[in-house]
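# Breakdown of the fold
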Amino acid sequence: MEKGYLVLRDGQVFEGLRFGAEAEAVGELVFTTGMGGYVETLTDPSYAGQIVLQTYPLIGNYGVMREDFEGPCCVGGYVVREFCESPSNFRTDCGLDEFLKERNVPGLCGVDTRELTRIIREHGVMNAALCTDVEAGLAAASAYAVTGVVEAVTCKEPSFHPSEGETRLRVALLDYGAKRNIIRELQKRGCGVTVFPAGTSAEDILSSAPDGIMLSNGPGDPAENVYQIEQIRKLLGRVPLFGICLGHQLTALAAGGSTFKLKYGHRGVNQPVRDLNGLRTYITSQNHGYAVDAGGIKGGKVSFANANDGTCEGVDYPDLRAFTVQFHPEACGGPHDTAFLFDRFTALMEGGDL
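These lines cover the structure that appears in this document, whether it is placed above or below. (Residues numbered from 1 in each chain as written. Predicted model: local features only at pLDDT ≥ 70, side-chain atom pairs only at ≥ 80, totals over all residues. Heavy atoms only, no water.)

## Concerning the overall build of the protein chain
Helix and strand counts for the protein chain come out as ten helices and 19 strands. Relative to the 2.2 N^0.38 estimate, which gives 20 Å for 354 residues, the radius of gyration of the protein chain is 20 Å and therefore close to what a compact globule would have. The principal-axis extent of the C-alpha atoms belonging to the protein chain is close to 60 × 45 × 40 Å. Counting only contacts in the protein chain whose residues sit at least 6 apart along the sequence, the fraction spanning at least 24 positions is 74%. Surface summary for the protein chain: the accessible area is close to 14100 Å², and the carbon and sulfur share equals 48%. Positive and negative side-chain charges of the protein chain, numbering 31 and 45 respectively, have mean locations separated by a distance of 4 Å. (Helix = DSSP H or I, 4+ residues; strand = E, 2+ residues; numbered from the N terminus. Rg over C-alpha atoms; globule rule 2.2 N^0.38 Å. Contact = heavy atoms within 4.5 Å. Areas by Shrake-Rupley, 256 points an atom, 1.4 Å probe, with all protein chains shown as cover. Lys, Arg positive; Asp, Glu negative; His and termini not counted. Charge placed at Lys NZ, Arg CZ, Asp CG, Glu CD.)

## Describing the side chain of Gln271
For Gln271, the position within the fold is in strand E15 (residues 259-275). A polar contact of 3.1 Å, which involves the side chain of Gln271, links it to the side chain of Asn306. For Gln271, the contacting residues outside a window of four places in its chain are His266, Tyr282, Ile283, Thr284, Gln286, Asn306 and Asn308. (Polar contact = N/O pair within 3.5 Å; in protein donor to acceptor, adjacent residues only side chain to side chain.)

## Digging into the sheet that holds strand E10 (residues 159-161)
Spatial strand order, E10-E12-E11-E13-E14-E19-E18-E17-E15-E16: ten strands in an open sheet with mixed pairing. Each edge of the open sheet is held by one strand with a lone partner, namely E10 and strand E16 (281-292). Looking at each pair of strands side by side, their axes are set apart by 25 degrees on average, direction ignored. Sheet topology places strand E11 (residues 169-175) next to strand E12 (residues 191-197); seven bridges connect them, and they run parallel. Bridged to Leu173 within E12 is Val195. (Pairing = 2+ DSSP bridges. Axes fitted to C-alpha atoms, helices over the stretch in contact; angles between N-to-C directions.)

## Some points on the packing of aromatic side chains
Enumeration over the complete set of coordinates arrives at ten aromatic pairs. Ring centres 4.2 Å apart and planes at 10 degrees place the aromatic pair Phe19 and Phe83 in the stacked group. Separated by 64 residues along the polypeptide, Phe19 in strand E2 (residues 13-20) and Phe83 in strand E7 (residues 82-83) bring together distant segments of the chain. Between Tyr282 and Phe304 the ring centres are 6.5 Å apart and the planes differ by 65 degrees, which places this aromatic pair in the edge-to-face class. With a gap of 22 residues between them, Tyr282 in strand E16 and Phe304 in strand E17 (residues 301-306) connect regions that are remote in the sequence. (Phe/Tyr/Trp six-rings, centres within 6.5 Å; stacked < 30°, edge-to-face > 60°.)

## Concerning the nonpolar core
The biggest cluster of nonpolar side chains holds 40 residues, and the ones touching the most others in it are Leu6, Leu8, Leu29, Tyr78 and Leu116. Per element, the largest residue contribution to this core is four residues, and it comes from strand E3 (residues 25-32). Contacts of Leu6, omitting those with residues within four sequence positions, involve Gln12, Val13, Phe14, Leu29, Val79, Leu108, Leu116, Ala128, Ala129 and Leu130. Within the second largest apolar cluster, 27 residues are counted, among which are Val150, Ile229, Leu241 and Ala254. (Core = buried A, V, L, I, M, F, W, Y, C linked by side-chain atoms within 4.5 Å. Buried < 20%, exposed > 50% of the residue type's maximum accessible area, 1.4 Å probe, protein only.)

## Some remarks on the layout of surface pockets
Any space left empty among the atoms is revealed by the rolling of a water-sized probe across them. When its volume is computed, the largest pocket comes out at roughly 350 Å³. Residue lining of the largest pocket: 18 residues in total, with Phe31, Arg121, Tyr264, Gly265 and Gln271 positioned closest to the centre. Secondary-structure elements contributing two or more residues to the lining of the largest pocket are helix H3 (113-123) and E15. Of the residues that constitute the lining of the largest pocket, the class distribution is three nonpolar, nine polar and six charged. (1 Å grid on protein atoms, 1.4 Å probe; cavity = no way out; pocket = protein on both sides within 12 Å on 5 of 7 lines; lining within 4 Å. Points joined across faces, edges and corners; volume = space filled by probe spheres on them. Nonpolar A, V, L, I, M, F, W, Y, C, P; charged D, E, K, R; others polar.)

## Some details on the pattern of salt bridges
Tallied over the entire structure, the rule returns 18 salt bridges. Measuring nitrogen to oxygen at the nearest pair gives 3.3 Å for the salt bridge that ties Glu102 to Arg66. Residue Glu102 is found in helix H2 (residues 96-102), and its partner Arg66 is found in the loop between strand E5 (58-59) and strand E6 (77-79); the two are separated by 36 residues along the sequence. Measuring nitrogen to oxygen at the nearest pair gives 2.9 Å for the salt bridge that ties Asp68 to Arg91. Pair noted here: Asp68 is in the loop between E5 and E6 and Arg91 is in the loop between E7 and H2, with a separation of 23 residues, a long-range link. On the basis of relative accessibility, which here comes to 30%, the residue Arg91 falls in the partly exposed class. What emerges from the salt-bridge pattern is a single network uniting Glu185, Lys188, Arg189 and Asp343. (Salt bridge = Lys/Arg side-chain N within 4 Å of Asp/Glu carboxyl O.)

## Topic: unusual backbone geometry
The peptide bond linking Gly334 to Pro335 adopts the cis configuration, its omega dihedral lying at -5 degrees. Tracing the chain through its elements places Pro335 in the loop between strand E19 (322-325) and helix H10 (340-349). The backbone phi angle of Ala209 is positive, close to 55 degrees, even though this residue is not glycine. Of note, Arg321 is a non-glycine position whose phi angle comes to about 55 degrees, a positive value.

Read these as geometric descriptors, not functional statements.
Below, the structure is given as structure tokens:
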């Protein structure tokens, strides 16, 4: 393996060994704490515009299974302490190195991921470049900004996905970078799902006569999506609505609230979330760098809060028959603690109360 470098925007340089594609990468460096689920991480469109750092020290030991992909691979680069060159798993389709090469994503191993995580936790997320030329990498990192990523990852044309068994309900899913398991969870509950591109108008969505509207996860700064926010504003109150991650943030903005950027975000599969309407604390999967301002919510009330930092993790809008969550109840790699929220959505579409 050839020598490579991870260059941070503040000038710090980490030397390692390159694997994956022979390409250069620039993006926002973020860390994720999951001990498993790296296949789902690499195929989560919410990582568009970012270089992903895994805190778990060994990645790739069970290979890559195409059946488990959640979407296209949108990460800019991949940084690990050690990657396994010889995975052992009867389901393996290929190794991590081959997967990254197929998708032109460069990787870097042999770096101190613990130190990098400390830097991000202390200073916040920052731009970085994965490169062979330090000076060029520093220049690229200094000039980079995450923009236009929802348009980059959304589907180009509508598509229909029939339910498992008898179709009881029709759901319109707005794809801001949707993970496939959102569709699967709805299909299991008797929903036929029509997936629409992020730029679809509210009028076109409503003309399909859905029983409910699903707003997906996705990448980037929610406030950048001015057109999408305006369409959600037109949809609120028309039919039941459920938003996840970016969909949660966009709904808050459409209702008149605000969002802000977290210092280093929530990324991993072990984020504790308190149910403010009960006594439970759930362990959740999360991947986001922005949060809804709990003090500025309009027309709704906070339903879930992060047990670590108190940030808003969910909002109920009873008068609009809508609810949203920041975490991922559809997390395919787990945990599955909050999958019941899809049951809540189907009950709402069938005339139940929020």
